[in-house]
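# Structural overview
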Amino acid sequence: LGSIAMQQDRAADAVEWLQAALAIQRSDADAMYLLGTAYVATGRLDDAITELRAAVTFVPFGWGEPYTALAEAYTQQGKVELAAWATAMADLNAGEVDAAESQLKSLTGGEVAADAAAGLGLVYETRGDYPSAIDWYTKALAADPQNNTARFGLGRVGPVPTAGPSSMPSAEPSGSAG
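Residues numbered from 1 in each chain as written. Predicted model: local features only at pLDDT ≥ 70, side-chain atom pairs only at ≥ 80, totals over all residues. Heavy atoms only, no water.

### Structural notes on the overall build of the protein
Defined as follows: The helix and strand labels rest on DSSP assignments: H or I over at least four residues marks a helix, E over at least two residues marks a strand, and numbering proceeds from the N terminus. Partly exposed residues are those whose accessible area sits between 20% and 50% of the maximum for their type, while under 20% is buried and over 50% is exposed, using a 1.4 Å probe and protein chains only. We call two residues contacting when some pair of their heavy atoms lies within 4.5 Å. Where accessible areas are quoted, they stem from the Shrake-Rupley method and a 1.4 Å probe; at the residue level, only the protein chains shown are allowed to cover.
Broken down by element type, the protein carries 10 helices and zero strands. Sequence-ordered secondary structure for the protein, helices as α and strands as β, is α-α-α-α-α-α-α-α-α-α. Of all 178 residues assigned to the protein, the portion counted as buried reaches 42%. The long-range fraction of contacts in the protein, counting pairs at least 24 apart against all pairs at least 6 apart in sequence, stands at 43%. On the protein, roughly 9,500 Å² of surface is accessible, and the fraction owed to carbon and sulfur atoms is 53%.

Next up, the structure:
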């Protein structure tokens, strides 16, 4: 119903329906995205950013629309670096990896350093360059230990914690060939 309300340019009605949907299933990234866009349409930019950032936490890659909506919300708030980060992430999701990498690298020293570093982790993860991805995710976590994109990314590509020798499977056959 929230999606239909948005299609009918009834963003305020959509907010109510989408809030109800999220009350049922808080992890519904589609509902978070739609609620974020409804909030943008109604001028509730802080609420929009909260929902859109939650959506990209659940689906950080392969879905650029939430980043595009984030860029719009940040632009309306006059937050240039955050808008540039969100635009770079939308570019990454659109397959414009080199452009995204260049933009994200230019943001690693500013207020969005952690998000830019996490984005670079995704850049290198998508290229299959896991050592570089690990490096960037680690930098993101050094700047912001709560950065979920980096935490989840490192969980996907990071080194497996080493266990003691007793928990390692043996390369030797378990039985004797007598």
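### Points about the packing of aromatic side chains
Selection criterion: Working definition: rings of Phe, Tyr and Trp (its six-membered ring) pair if their centres are within 6.5 Å, and the pair is stacked with planes under 30 degrees apart, edge-to-face with planes over 60 apart, and tilted otherwise. Each ring is checked for a lysine NZ or an arginine CZ that lies within 6 Å of its centre and within 35 degrees of its normal; such an atom marks a charge sitting over the ring.
For the structure shown, the criterion picks out two aromatic pairs. When the centroid spacing of 5.5 Å and the interplanar angle of 65° are considered together, the rings of Tyr33 and Trp63 count as edge-to-face. Note that Tyr33 is positioned in helix α3 (residues 29-41) and Trp63 in the loop between α4 (45-58) and α5 (65-77), a separation of 30 residues in sequence. Take Tyr33 and Trp63: they sit in the same class, and that class is buried. Relative to Trp85, the ring of Tyr67 lies with its centre 5.9 Å away and its plane at 80°, an arrangement referred to as edge-to-face. In this pair, Tyr67 is assigned in helix α5 and Trp85 in helix α6 (residues 80-93), connecting sequence segments 18 residues apart. As far as the burial class goes, Tyr67 and Trp85 line up, both buried. The ring of Trp136 has Lys139 lying over it, and the distance from NZ or CZ to the ring centre is 4.2 Å.

### Brief notes about the side chain of Glu51
This is how it is decided: For the purposes of these results, a polar contact is taken to be a pair of N or O atoms within 3.5 Å, where, inside protein, one atom must be able to donate a hydrogen and its partner to accept one; residues adjacent in sequence count only when each atom of the pair is a side-chain atom.
Within the secondary structure, Glu51 sits in helix α4. Reaching out from Glu51, the side chain makes a polar contact with the side chain of Arg26 at a distance of 3.2 Å. Leave out the neighbours within four places in its chain, and Glu51 touches Leu22, Arg26, Met32, Leu35, Gly36 and Tyr39.

### Focus on the nonpolar core
How we decide: We define a nonpolar core as any set of buried Ala, Val, Leu, Ile, Met, Phe, Trp, Tyr and Cys residues linked to one another through side-chain atoms lying within 4.5 Å.
Ranked by internal contacts, the top residues of the largest apolar core, which has 54 residues, are Leu52, Tyr67, Leu70, Tyr74, Trp85, Met89 and Leu104. It is α6 that provides the largest number of residues to this core, a total of nine residues. Non-local contacts of Leu104, meaning those with residues more than four positions away in its chain, are made with Trp85, Ala88, Met89, Ala116, Gly119, Leu120 and Val123.

### Observations concerning the layout of surface pockets
Rules: Cavities and pockets are found on a 1 Å grid laid over the protein atoms alone: a cavity is a set of points where a 1.4 Å probe fits but cannot escape, a pocket is an open set with protein on both sides within 12 Å along at least five of seven lines, and a lining residue has an atom within 4 Å of such a point. Grid points are joined across faces, edges and corners, and a volume is the space filled by probe spheres set on the points.
Considered as a void within the structure, the largest pocket measures approximately 170 Å³ in volume. Together, 14 residues line the largest pocket, and Arg53, Asp115, Asn147, Asn148 and Thr149 are the ones closest to its centre. Elements that contribute at least two residues to the lining of the largest pocket include exactly α4, α6, α8 (113-127) and α10 (148-157).

### Remarks on α4
Stated precisely, the cut-off is as follows: By definition here, a helix of n residues has an expected span of 1.5 Å times n minus one.
An ideal rise of 1.5 Å per residue puts 20 Å on 14 residues; α4 measures up with 20 Å between its terminal C-alpha atoms. Tucked inside the fold, the buried residues of α4 contact α2 (11-24), α3 and α5.

### Section: the packing of α6 against α8
Rule in force here: Lines fitted to the C-alpha atoms define the axes, with helices restricted to the stretch that makes contact. Angles between their N-to-C directions range from 0 to 180 degrees. Under this scheme an angle from 65 to 115 degrees is roughly perpendicular, one under 35 degrees roughly parallel, and one over 145 degrees roughly antiparallel; angles in between are oblique. Amino acid classes used here: Ala, Val, Leu, Ile, Met, Phe, Trp, Tyr, Cys and Pro are nonpolar; Asp, Glu, Lys and Arg are charged; the rest, including Gly, are polar.
Interaxial distance between α6 and α8 falls to 10 Å at its minimum, and their mutual angle equals 10°. The pairing of α6 with α8 is recorded here as roughly parallel in orientation. Where α6 approaches α8, its residues Leu82, Trp85, Met89 and Leu92 are matched on the opposing element by Asp115, Ala116, Gly119, Leu122, Val123 and Thr126. Of the residues belonging to the contact of α6 with α8, the class tally is seven nonpolar, two polar and one charged.

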